[in-house]
Amino acid sequence: GQIWSPTIRSKEGGLEMLISARLSSLIRQSLINATTISYVELESVRLGEAAPLLSNVQVLAVLDEQLVLQCELALDFEGAEILFRVKPSALEYKSLPSSFFSLNSFAAEFSLVLTLHTDLPEYPYVSTLDLSLKHVPELDFIVQPSLIPVLSGWIQSSISSSLSDYLEPNFLGIEIPAWLNGTEDYITYGTSSWGDEHE
């Protein structure tokens, strides 16, 4: 299929800013929910130079002011790093001080359904982009240093649980004009009905 490599870095932050914000939020929440962690703080995010790859783009439906696509999104961020400061709370690790650890070299493949709301007469033409998952992907990453051996498993299961909220027909929406203008509140959530209406 066709492959599209969208730019991941730009003067305004571009796709890296969007992906890193959502990914970091999911991982941070998984650490907060872990019973062995008493404190967590996000220090920095670097996703590297490799861009995400979109492939196998298919048109599922052309509706009134909506275009529904299916595609594959491959993330392979070799050299990427999300750095956290954590303080363990579990008894066997309680003697450890607050310390840094990082998640490195992310890789995942997403099967997505994208709904573009093409209801703007002028640029950017698309008012909202809705993203739904066909299935929950596995996220490969490396934890360094591995002070708490089960940390990787907790993060993986917590991310999978969080991503399941976006399985179709549920979606995460991006308000494109607000995103381009640098507005912080540009994310929406909902449930799509286009499939039910056009079976």
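Residues numbered from 1 in each chain as written. Predicted model: local features only at pLDDT ≥ 70, side-chain atom pairs only at ≥ 80, totals over all residues. Heavy atoms only, no water.

### Comments concerning the packing of aromatic side chains
Then, number 1: Counting across every chain of the model gives two aromatic pairs.
Then, number 2: Here Tyr123 and Tyr125 contribute two aromatic rings whose centre-to-centre distance is 6.4 Å and whose plane-to-plane angle is 90°, an arrangement assigned as edge-to-face.
Then, number 3: For Tyr123, a relative accessible area of 64% puts it in the exposed group.
Then, number 4: Relative accessible area serves as the criterion here: at 48%, Tyr125 is assigned to the partly exposed category. (Phe/Tyr/Trp six-rings, centres within 6.5 Å; stacked < 30°, edge-to-face > 60°. Buried < 20%, exposed > 50% of the residue type's maximum accessible area, 1.4 Å probe, protein only.)

### Focus on the environment of Ala178
Then, number 1: Considering the arrangement of structural elements, one finds Ala178 in helix α3 (residues 176-180).
Then, number 2: The exposure class of Ala178 is buried, given its relative accessible area of 14%.
Then, number 3: With 51 residues separating them in the primary sequence, Ala178 and Ser127 have C-alpha atoms 9.0 Å apart.
Then, number 4: Setting aside its immediate chain neighbours within four residues, Ala178 contacts Thr183 and Tyr186. (Helix = DSSP H or I, 4+ residues; strand = E, 2+ residues; numbered from the N terminus. Contact = heavy atoms within 4.5 Å.)

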